[in-house]
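So you can see what is in the structure, the chains are spelled out below.
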Amino acid sequence: MFKKALFPRLLLYRTYSETKNIYNILKTGHLGEQVSVQGWIKSIRKQKEVTFLDINDGSTPNNIQVVIPKKIGSNITVGSSISTKGILKETHKGQSEVSADSIVLLGECDLSKGYPFAPRKEYEQEYVREHMHLRPRTKKFASVLRIRHAATIAIHNYLDRNGYFNIQTPIITSNDCEGAGEIFKVLPNNEKLLQTMANPKKPVDAAYFNKKAYLTVSGQLHLEASAQALQKVYCFGPTFRAENSKSRLHLSEFYMLELEKAFLSKLEELLDIVEDLVKNVSEEVIAKNRDDLEVAAFDLLAPQVGEIAGGSLRENNLEKLTLKIPDNGQLDWYLDLRKFGNTPTGGFGLGFERFIQFLLGIDNIKDCIPFPRWPHNCKL
């Protein structure tokens, strides 16, 4: 009984381990060995006896060439997903190619049914943005997604090396951190539930949480509370702004890195932190993802993008804060931070999409995030 249950798992493991992604095949593949490749067909070139396929699996911007006998590839098209096996060889130009002895069509792509991207053709980003669910299949946007991943890992690695703790600050919050009023209100999409929970002494939009709730515009206040115990903290997650702007620099939902450090009383120290972070993260991303990048240098100043990061030393004086904060009880907890074991703190927020936009020289911020949201648009 045990052996029968174990056998399928061993078979699955063996099949999985035989398949390497194209990045690893191109980087470390051994010529003359059999390899398995799975991916999508990016282009097809037919000759008299053989057909050349350019295959990409998303692991790298570089395709791998697969050569198949013409007779076994008659029903495949650009955009189709396939699985193939063959011997890894080197072309006369020194490039790797797979001489396939078998090919399996996993998912066909009928171009006549409206597939929006033709092979070897460039499209305006406004057009590409109309097909968000297929946009990752374009070479340029696939590179953006790989760079986002690399930058995310580099940020976490840098902050971990420097002793910062990642705090998962709430997405739903009862405070408007920046006081600008550009916030999204959070309500259950159920009128009957709201009526059931309603308190006649409070507005309906406070029924669920007993107070009004919003999508976060910043995790700063929660980081300040955490910094008073852990000293060096950060958060990295989605933030939401209800600005009626469709400009190339604004989104309704975006990712922001925010950092807070205790025992910090000099603005120069905060400037050094953000400059060192941006430089180190940029260098790591560039070093590991040269095939995906359009530029090979980074300047902290961003004249074409605008502000990438902004921060300050936090007000440390309890009396001044008490005078400035409205006397409605909403931020009593924030005043408590200054009453009990207070230390001066400073911090900043870095707009992740702005960072990607500047790093890659992308004109419109909507082309820096997988599924952008802006006024009058929330596709998918």
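Notes on the structure follow. (Residues numbered from 1 in each chain as written. Predicted model: local features only at pLDDT ≥ 70, side-chain atom pairs only at ≥ 80, totals over all residues. Heavy atoms only, no water.)

Bringing the sheet that holds strand β4 (residues 81-90) into the picture now. The mixed closed barrel is built from five strands, whose spatial order is β1-β2-β3-β5-β4. Adjacent strand axes in the sheet meet at a mean angle of 55°, parallel and antiparallel pairs treated alike. Strand direction decides the pairing type here: strand β1 (residues 34-46) and strand β2 (residues 50-56), joined by six bridges, are antiparallel. In the strand pairing of β2, Ile44 is matched with Leu53. (Pairing = 2+ DSSP bridges. Helix = DSSP H or I, 4+ residues; strand = E, 2+ residues; numbered from the N terminus. Axes fitted to C-alpha atoms, helices over the stretch in contact; angles between N-to-C directions.)

The next point concerns the packing of helix α4 (residues 139-161) against helix α10 (residues 352-360). Interhelical geometry of α4 versus α10 gives an angle of 120° and a closest axis separation of 11 Å. Taken together, α4 and α10 sit at an angle that is classed as oblique. As α4 runs across α10, the sense of the crossing is right-handed. Residues Val144, Ile147, Arg148, Ala151, Thr152 and Ile155 of α4 touch α10, and the partners they reach there are Phe352, Glu353, Phe355, Ile356, Leu359 and Leu360. (Parallel < 35°, antiparallel > 145°, perpendicular 65-115°, else oblique. Left-handed = near helix turned anticlockwise from the far one by under 90°. Contact = heavy atoms within 4.5 Å.)

For Ile41, the position within the fold is in strand β1. Aside from chain neighbours lying at most four places away, what touches Ile41 is Leu53, Asp54, Ile55, Ile76, Thr77, Val78, Gly79, Ser80 and Ile82.

Here α4 spans 33 Å end to end across 23 residues, near enough to the 33 Å set by a 1.5 Å rise per residue. Where α4 terminates, the next one or two residues include Gly163, which has phi positive at roughly 85°. (Expected span 1.5 Å × (residues − 1).)

Let us look at the pairing of strand β5 (residues 96-107). Inspection of the sheet shows strand β3 (residues 64-69) paired to β5 by three bridges, in the parallel sense. Bridge pairing links Val67 to Ser99 in β5. The pairing of β4 with β5 spans ten bridges and is classified as antiparallel. Of the residues in β5, the one forming a bridge with Ile87 is Ser99. Count of turn residues in the β4/β5 antiparallel hairpin: five residues, of which Gly94 carries a positive phi of about 85°.

Mapped onto the secondary structure, Val186 falls in the loop between β7 (172-173) and α5 (191-197). Judged by its relative accessible area of 18%, Val186 is buried. Excluding anything up to four places from it in sequence, Val186 contacts Ile172, Ala213, Tyr214 and Leu215. (Buried < 20%, exposed > 50% of the residue type's maximum accessible area, 1.4 Å probe, protein only.)

Bringing unusual backbone geometry into the picture now. The backbone of Arg120 shows a phi angle near 55°, a positive value even though the residue is not glycine. Although it is not a glycine, Asn210 adopts a positive phi angle of roughly 70°. Tracing the chain through its elements places Asn210 in the loop between α5 and β8 (214-215).

Its location among the elements puts Asn289 in the loop between α7 (267-288) and β11 (309-313). Setting aside anything within four residues of it in sequence, one finds Asn289 in contact with Arg146, Ile147 and Ala150.

Taken in spatial order, the five strands line up as β6-β9-β10-β12-β11 in an open sheet, and their pairing is mixed. In the strand order of this sheet, the two ends are held by β6 (165-166) and β11, each with one partner. As judged from the nine bridges shared by strand β9 (residues 232-240) and strand β10 (residues 253-262), these two strands associate in the antiparallel manner. Counted as the bridge partner of Phe236 is Leu257 from β10. Most of the contacts of helix α6 (residues 220-230) go to β10, to which it runs at about 30°, and overall it touches β6, β9, β10 and β12 (345-351). Where α7 meets the sheet, its contacts fall on β10, β11 and β12, and the angle it forms with β12 comes to roughly 35°.

Attention now goes to the pattern of salt bridges. Following the criterion strictly, the structure yields 14 salt bridges and no others. With a shortest N-O distance of 3.1 Å, Asp367 and Arg135 are connected by a salt bridge. A residue pair is termed long-range when its members are at least 10 positions apart, and Asp367 in the segment after α10 and Arg135 in the loop between α3 (125-129) and α4 qualify at 232 residues. What makes Asp367 buried here is its relative accessible area of 5%. Arg135 gets classed as buried once you look at its relative accessible area, which sits at 0%. For Lys261, the salt bridge is made with Glu269, and the minimal N-O distance between the two is 3.2 Å. Residue Lys261 is classed as buried on the basis of its relative accessible area, which comes to 13%. Via salt bridges that share partners, Glu224, Glu260, Arg314 and Arg338 belong to a single interconnected network. (Salt bridge = Lys/Arg side-chain N within 4 Å of Asp/Glu carboxyl O.)

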